[in-house]
Amino acid sequence: MSMTDLIDEAESVLLHTYNRYPVVFESGEGVYLKDIEGKKYLDFVSGIGVFALGYANQEYNDAVKGQVDKILHTSNYYYNVPAIEAAKAVKKVSGMDRIFFTNSGAEAIEGAIKTARKYAYLKDGQTDHEIIAMEHSFHGRTMGALSVTGTPKYREAFGPMIGNIRFAQMNDIESVKALVNKKTCAIMLETVQGEGGIHPATEEFLKEIRAICDEQDILMILDEIQCGMGRTGFMFAWQRYGIKPDVMTLAKALGCGVPVGAFMMNQKVGEHSLVAGDHGTTYGGNPLTGAAICKVLELFEKNHVTENVNEVGAYLYEKLDEIEASKEDIIDHRGVGLMQGLEFNHPVADIINKALAQGVVLINAGTNIIRFLPPLVITKQHVDEMLEIFKNCL
Ligand SMILES: *Cc1c(COP(=O)(O)O)cnc(C)c1O
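Residues numbered from 1 in each chain as written. Predicted model: local features only at pLDDT ≥ 70, side-chain atom pairs only at ≥ 80, totals over all residues. Heavy atoms only, no water.

Peer 1: Outline the environment of Leu299, listing residues and values.
Peer 2: Mapped onto the secondary structure, Leu299 falls in helix 11 (residues 287-302). Put simply, Leu299 and Asn57 are 242 residues apart on the chain and 9.8 Å apart in space, counted from C-alpha to C-alpha. Ignoring anything within four residues of it in the chain, the contact list for Leu299 reads Leu53, Asn57, Glu59, Tyr60, His304 and Val305. (Helix = DSSP H or I, 4+ residues; strand = E, 2+ residues; numbered from the N terminus. Contact = heavy atoms within 4.5 Å.)

As structure tokens, then:
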């Protein structure tokens, strides 16, 4: 069947919740994807920050396949070795103390919200606690995650949201302080906003939030679902700034292709929040995703992935800065490591479509921003290859 026929079929059976680009991918190797007609594409999206290790990594694939033949699922009423090993491995790289595995990012956010509410409930017995989140944030599509997502158009049709969510401005500490009160149980933000347009939190902002949270025993929740797992050149973006959240959410590159997320917390929160019966999941923490996570973290260390991000990320930054300086319609360049964005003064869909036709996969963040989220194993040569085509599309 041709690609156009397949796309027609897809549009007749799938719920139309995405305006998809007209391509059907079939396989991948390294940092390249192949569509069903055999055309090759250089990938600067990595499945929205998922495939950090690139495609068809043999060691990763073998680990996942090996687990398929042993056992895929037991139940959280029993223990399994891959989940225990994965928990230890994530604890080691993050310095967080306790973990709960989920199947997605949105579920990790749900868990973080419940953790914060329960922590506050145990202190004062009240059930009207407030959470401060940020404008332009993105935390996922389930009702709780949507409620803390700072883009009104995502929320509007689905009201009422869960209650008592307040929105502050990213990097404006006064806007946060104005909302803090006795009912505040958490301040939640992405260390680097992804979908909202690649807006990194400043070191000063993070430190001031940390101070407010320490002073008032409020939980600082950092969403590292997109910016975590090496993406910014540190295993977790907050590690660059010498602060530590009380609760952190993970997903996307945590499993590098298998659907998994997690929320983690420090010991204090672990001892004073969710207990048996408070939270659960059927699939979360299954042996398959556990085996994948263990291998991912092993390969990150063995292949010096964060070092590569720092080196190639700096190179990409320099090159995109040059492009920004040479084009009047580019109004900003932001980002950290291999999570960067170019903001235009017009919609970018045309540029993305042109690049796709020429064999480079890019994605937007909002209508006017092109987001660069390549696999974390790309090289400077790949950056050059991407830029040559990208420049043609401008
Ligand atoms: C993708 C994303 C989510 C939601 O994750 P899903 O797995 O799609 O539910 C939440 N927060 C951030 C920062 C994300 O980038």
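Peer 1: Explain the side chain of Asp223 to me, using residue names and the numbers behind them.
Peer 2: With respect to the helices, strands and loops of the structure, Asp223 is situated in strand 10 (residues 219-223). At 7.3 Å, Lys252 is the nearest oppositely charged side chain to Asp223, a buried residue that forms no salt bridge. A polar contact is formed between the side chain of Asp223 and the side chain of Thr249, at a distance of 3.1 Å. Residues in contact with Asp223, not counting those within four places in the same chain, are Ile109, Phe138, His139, Leu189, Glu190, Thr191 and Thr249. (Buried < 20%, exposed > 50% of the residue type's maximum accessible area, 1.4 Å probe, protein only. Lys, Arg positive; Asp, Glu negative; His and termini not counted. Salt bridge = Lys/Arg side-chain N within 4 Å of Asp/Glu carboxyl O. Polar contact = N/O pair within 3.5 Å; in protein donor to acceptor, adjacent residues only side chain to side chain.)

Peer 1: So what about the nonpolar core? Which residues, and what values?
Peer 2: Soluble globular proteins tend to pack their nonpolar side chains together in the buried interior. Grouped together as the largest cluster of nonpolar side chains are 79 residues, with contacts concentrated most on Ile187, Phe372 and Phe390. A domain split of this core shows at least three residues from each of domain 1 (3-53 + 304-393) and domain 2 (60-302). Once residues within four sequence positions are removed from consideration, Phe390 is found in contact with Ile323, Leu342, Phe344, Ile351, Leu362, Ile370 and Phe372. Within the second largest apolar cluster, 24 residues are counted, among which are Ala112, Ala120, Ala145 and Ile165. (Core = buried A, V, L, I, M, F, W, Y, C linked by side-chain atoms within 4.5 Å. Domains from an automatic or database assignment.)

Peer 1: Any chance you could break down the sheet that holds strand 16 (residues 363-364) for me, citing the residues and the numbers?
Peer 2: What links the strands of a sheet is backbone hydrogen bonding, and the strands pair in either a parallel or an antiparallel sense. Here we have four strands laid out as an open sheet, ordered 13-14-17-16, and antiparallel in their pairing. Two strands close off the open sheet at either side, each with one partner strand: strand 13 (330-336) and strand 16. Judged from the two bridges that link them, strand 16 and strand 17 (residues 369-372) form a sheet pairing that is antiparallel. In the strand pairing of strand 17, Ile363 is matched with Arg371. (Pairing = 2+ DSSP bridges.)

Peer 1: Could you give an account of helix 9 (residues 203-216), naming the residues involved and the relevant values?
Peer 2: With 14 residues, helix 9 should cover 20 Å at 1.5 Å per step; its first-to-last C-alpha distance of 20 Å lies within 8% of that length. Turning to helix 9, its buried residues number three or more, namely Phe205, Leu206, Ile209, Arg210, Ile212 and Cys213. For helix 9, the arc enclosing every buried residue in end-on projection is 165°, short of the 170-degree limit, so these residues lie on one face. Across from the buried face of helix 9, at angles greater than 90 degrees, the exposed residues are Glu204, Asp214 and Glu215. Those residues of helix 9 that are buried lie in contact with strand 5 (130-134), helix 8 (173-177), strand 7 (184-190) and strand 10. Positive backbone phi, at 50°, marks Asp217, one or two positions downstream of helix 9. (Expected span 1.5 Å × (residues − 1). Arc of directions from axis to C-beta.)

Peer 1: Could you give an account of empty space enclosed by the protein, with specific residues and numbers?
Peer 2: For the structure shown, the criterion picks out one cavity of 30 Å³ or more. Taken as a whole, the largest cavity spans an internal volume of roughly 40 Å³. Along its surface, the largest cavity is lined by His73, Thr74, Ser75, Asn76, Asn80, Thr282, Tyr283, Gly284, Gly285, Asn286 and Pro287. In terms of residue class, the lining of the largest cavity is made up of two nonpolar, nine polar and no charged. (1 Å grid on protein atoms, 1.4 Å probe; cavity = no way out; pocket = protein on both sides within 12 Å on 5 of 7 lines; lining within 4 Å. Points joined across faces, edges and corners; volume = space filled by probe spheres on them. Nonpolar A, V, L, I, M, F, W, Y, C, P; charged D, E, K, R; others polar.)

Peer 1: Can you lay out the pairing of strand 5 for me, pointing to particular residues and giving the numbers?
Peer 2: Of all the five residues making up strand 5, five are buried; the element is thus mostly covered by neighbouring parts of the structure. Residues Glu130, Ile132 and Met134 of strand 5 are buried on one face, and the alternating residues Ile131 and Ala133, pointing to the opposite face, are buried as well. Sheet analysis places strand 5 next to strand 7, joined by three bridges and oriented parallel. Directly across from Glu130, in strand 7, lies its bridge partner Thr184. For strand 5 and strand 6 (residues 165-168), the ladder comprises four bridges, and the chain directions are parallel. Among the inter-strand pairings, Ile132 is bridged to a residue of strand 6, identified as Arg166.

Peer 1: Describe the site of the ligand, naming the residues involved and giving the relevant values.
Peer 2: The environment of the ligand is formed by Ser104, Gly105, Ala106, Phe138, His139, Gly140, Glu190, Asp223, Ile225, Gln226 and Lys252. In the environment of the ligand, an oxygen atom lies 2.7 Å from a nitrogen or oxygen atom belonging to the backbone of Ala106. Protein chains shield 81% of the accessible area of the ligand, which is 390 Å² for the free molecule. By residue class, the composition of the shell around the ligand is three nonpolar, five polar and three charged. (Near = heavy atom within 4 Å. Areas by Shrake-Rupley, 256 points an atom, 1.4 Å probe, with all protein chains shown as cover.)

Peer 1: Outline the sheet that holds strand 3 (residues 40-43), listing residues and values.
Peer 2: Overall, mixed pairing links the four strands, which are arranged 1-2-3-15 in an open sheet. Each of the sheet's edge strands pairs with one partner strand only, and the pair in question is strand 1 (25-29) and strand 15 (360-361). On top of the sheet, helix 14 (residues 380-393) reaches strand 2 (32-35), strand 3 and strand 15; it is set at about 110° to strand 3, its chief contact. (Axes fitted to C-alpha atoms, helices over the stretch in contact; angles between N-to-C directions.)

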